[in-house]
Amino acid sequence: GGGGGVIDNNSTPLQVIIPHDHNGRTAPVIEPLEALEVMPTDEFTSLLKDDPPIDADMSVVEKEVVTYLQQERAVAKTIRNQDWTAFLQKFTPTDNDDGTVPYEKSHPVHNKHQHNVGDDDVLDKTEYSRCHFRSFVTSTTLLPPSGVKMRCFGSTREYTVGAIFALPSHDNDNEEEEAAKRAKAWSWPSGYSAKTEFNIDPKGNLMNGREEALVSLPGLRKLNNDYCHKEDYEIGGRLIKGGLKTVPYNEVYVRVGGAGRIINGVDVATQEKRYRSFDHGIGLPIALFVRTASYKDLIAMLRTRARMVSILSRQHIYGIPLLYMDPDCGLRVLTDKLQKELLQTMSSSLNPFQNPLLQHKNTYSMDGDNNSSSPQHLQQKLEELIDLDDDNIRHILTPEECARLAGGFGATDDSLANLLMSVMLTDNNNNNNDDDNKQIDQDTSASISSQHGKLQDLVNEGLTSAVRSGDYNTARQLLILYTLVASRSQQQSTTTDSKNSEFNVGGEKLLKPQPLPKSYKEEMSLTLKNDNDNFNTLTSNVPPPPPPPPLDTDRLRSATNSDGLLSVLGAAEVLKSMQDGSGKRRVEEAVSAVEEWIESGEKSVTFRLASWFDQRAAQGDLKIATEHDTSFLAFVSNKAISNRKTFAKQLRHSTTDVEDLGFLKVIHDMVSKMNSPCLRLELLQYILGLDNRYSVAHVARSVELAATCLNISAYEAIHKDDNIDNKILTDQDVAS
């Protein structure tokens, strides 16, 4: 494509300046990325090996949990996938300023109408006042040793992940039975449907024959022993000759929570000596478990653990054991060694995927009516993000593997920013060491070029995984953080005072990654917390750093038809066109072509009608992603000429500041006023490096996100200690 030269009788200015391969006669063919070798439904076979129940790879905590399950001193509860948030929030303290819950309100068993309050209860109340969490009653199952023979409640599809709770310790069975009876911790045998939600009266007493069917905990253990070792046994009041391969679950209605997570009699968070009790709660879960060894279920368990950390705090959940339990295979532990192997598979050969419950709830559509995003689903997505700084993930995986893990499965803002900063700073340090004897300007140029090359590769790895999983939010997060880190790189290259921000790696002094400002930690959107007026002040008074080094997203754009992903990849292309000068060159070509069209159009109605006909044909062939068909009257009258004169004037004005936000503001102003554009839209696609699938809405969204990226970089430059607490700006606010 040339620069808008002479127009012959068989071509339009558009055909002259835009190469045929940029805007072909048909819409681009979507070519999905080649699938990786491991599918989510495949089994993680390393977990299924016939290892002994307790082995040397297990931690002390894991061994204790395995012992509880072998000795039937723990109960299991499966939770419906969509109910995990509500379940975990039941533990969180409310109402009181000191973080505790009113005693009687949270413990209806001890309400005066249900129980005569005596001296023992005063002591119990004092003990409860030291509890960190709320307690509540819920149904659980006392499995046979190591979880064999008995199934848990619910299907593995709807109840994928479960929790293990340890029971209180007692000196003998009689003492345990009395304690459970006093606290109304009820239990029923396998096959009996207690349906406690319908069979407890307002005073907390059982009704409809449920009390007569009760069996003590020692009684349940005896029945479990029968299921495992006898040929004939009774289930649901009937003698089963020859037994069953898998018996139904029993039910233990017990109070959980109250105390924190207790290991070896000590609260893991406070290191205080603590005790579980049926009266005040048996504590937080001591383990999580799944019932299949498929990758999708194991990753669901990792995401559930991340949610627990987010809701209940890391100090209470860190190091919680992860288990696999099956009635046939029994108990297996996802040890630290196996978790490393799982992470390596996730980052290399497993096709990434989002949480199936959230995949269609956190999408972005150009048709606002079809958007299914909601605050609660986005909040859950945030809670499930992997912390790359936790569990030594960054010591297990290479930076490239971490980027793929983050892009495919999601990572927290801080940990992903730390990853990108570490790569940038390490490269910067190496380049500075190599180039000490060079001139300063050569040294700076070389270091920036090299470090950005590494950074670009890393971000491209992450974006590729995000496209594989169809994750718009994660792709957007990567682009924004990349822009921020690249701007920090440019600032760092001109900063000499780094004495207070060094750390040692292998004996070498490297710069510490800076934490994200507070404004980024509230929402995954990573948008500025400020008011609309501040955008104009910021962009006019403090120019943002230049756009980041370009990312190569051509292959990724051809691999997806997702509105959200196209917007993110489009924003990357917009930034690229600003950074490498191609945008400025194309603007000049476009202005020349439009002015030539105007000159020809003013002279000939026939030329305008021919132009209208060509563009209608292009729309019919899906050559241009227009919102509406081109108006015939606009071409017959002078409206098309007037529109294009304004368009050319605005474009010419934008050439003065193609590398900063002023350029994006001009483009956004033009797009926001377009009704049924054809030539103008196609020219904008060409200028910004976008293909013909980018409608007016796509272009606007891409420009808005590009503006957000640059604005955040500028914001950090002047607000090092961000502590503003006003409203959150969206991409659209930033570009408006």
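Residues numbered from 1 in each chain as written. Predicted model: local features only at pLDDT ≥ 70, side-chain atom pairs only at ≥ 80, totals over all residues. Heavy atoms only, no water.

Let's shift gears to the confidence of the model for the protein chain. Within the protein chain, residue pLDDT values average 77, and 69% of them lie at 70 or more. Note on residues 97–129: pLDDT is under 50 here. Beyond four places in sequence and across chains, it has 56 contacts. For the stretch residues 621–629, pLDDT sits under 50, and the model shows 39 contacts to residues farther than four places along the chain or on other chains. (pLDDT = per-residue confidence, 0-100. Contact = heavy atoms within 4.5 Å.)

Along the chain, Ser 310 falls in helix α8 (residues 295–312). A relative accessible area of 45% means that Ser 310 is categorised as partly exposed. When the C-alpha positions of Ser 310 and Glu 383 are compared, they lie 5.6 Å apart, and in sequence the two are 73 residues distant. (Helix = DSSP H or I, 4+ residues; strand = E, 2+ residues; numbered from the N terminus. Buried < 20%, exposed > 50% of the residue type's maximum accessible area, 1.4 Å probe, protein only.)

Quick look at the packing of aromatic side chains now. Taken as a whole and assessed by the stated rule, the structure comprises 11 aromatic pairs. Aromatic side chains Phe 87 and Phe 136 sit 5.7 Å apart centroid to centroid with 90° between the ring planes, which places their arrangement in the edge-to-face category. On the criterion of sequence distance, the pair formed by Phe 87 in helix α3 (residues 84–89) and Phe 136 in strand β2 (residues 135–140) is long-range, its members being 49 residues apart. With respect to class, Phe 87 is no different from Phe 136; both count as buried. Taking 5.2 Å as the distance between ring centres and 80° as the angle between the ring planes, the aromatic pair formed by Phe 153 and Tyr 159 counts as edge-to-face. One aromatic cluster is present, formed by Trp 84, Phe 87, Phe 91 and Phe 136 through successive ring pairs. Sitting over the ring of Tyr 686, Arg 586 keeps its end group 5.4 Å from the ring centre. (Phe/Tyr/Trp six-rings, centres within 6.5 Å; stacked < 30°, edge-to-face > 60°. Lys NZ or Arg CZ within 6 Å of the ring centre and 35° of its normal.)

Our focus in this paragraph is the pattern of salt bridges. Proximity of charged atoms lets side chains of opposite charge pair with each other. All chains considered together, the criterion is met by 22 salt bridges. As a salt-bridge pair, Glu 383 and Arg 307 come within 3.7 Å of each other at their nearest N and O atoms. Here Glu 383 is found in helix α11 (residues 375–383), whereas its partner Arg 307 is found in helix α8, with 76 residues between them in sequence. With a relative accessible area of 3%, Arg 307 lands in the buried category. One network of salt bridges, in which partners are shared, links Arg 73, Glu 176 and Arg 221. (Salt bridge = Lys/Arg side-chain N within 4 Å of Asp/Glu carboxyl O.)

What follows concerns the environment of Arg 291. Looking at the element boundaries, Arg 291 is found in the loop between β10 (287–290) and α8. Arg 291 sits in the buried class, given a relative accessible area of 13%. Taking the C-alpha atoms as reference points, Arg 291 and Cys 152, 139 residues apart in sequence, are found 8.8 Å from one another. Contact partners of Arg 291, with chain neighbours within four places excluded, come to Thr 78, Cys 152, Phe 153, Gly 154, Ser 155, Thr 156, Tyr 159, Thr 160, Tyr 324, Met 325 and Asp 326.

Here the focus is unusual backbone geometry. The backbone of Asn 208 sits at a positive phi, close to 55°, despite the residue not being glycine. Note on placement: Asn 208 falls in the loop between β4 (186–188) and α7 (217–229). For Asn 208, a relative accessible area of 53% gives the class exposed. The phi angle at Gln 271 is positive, at roughly 65°, despite the residue not being glycine. If you trace the backbone, Gln 271 turns up in the loop between β9 (266–267) and β10.

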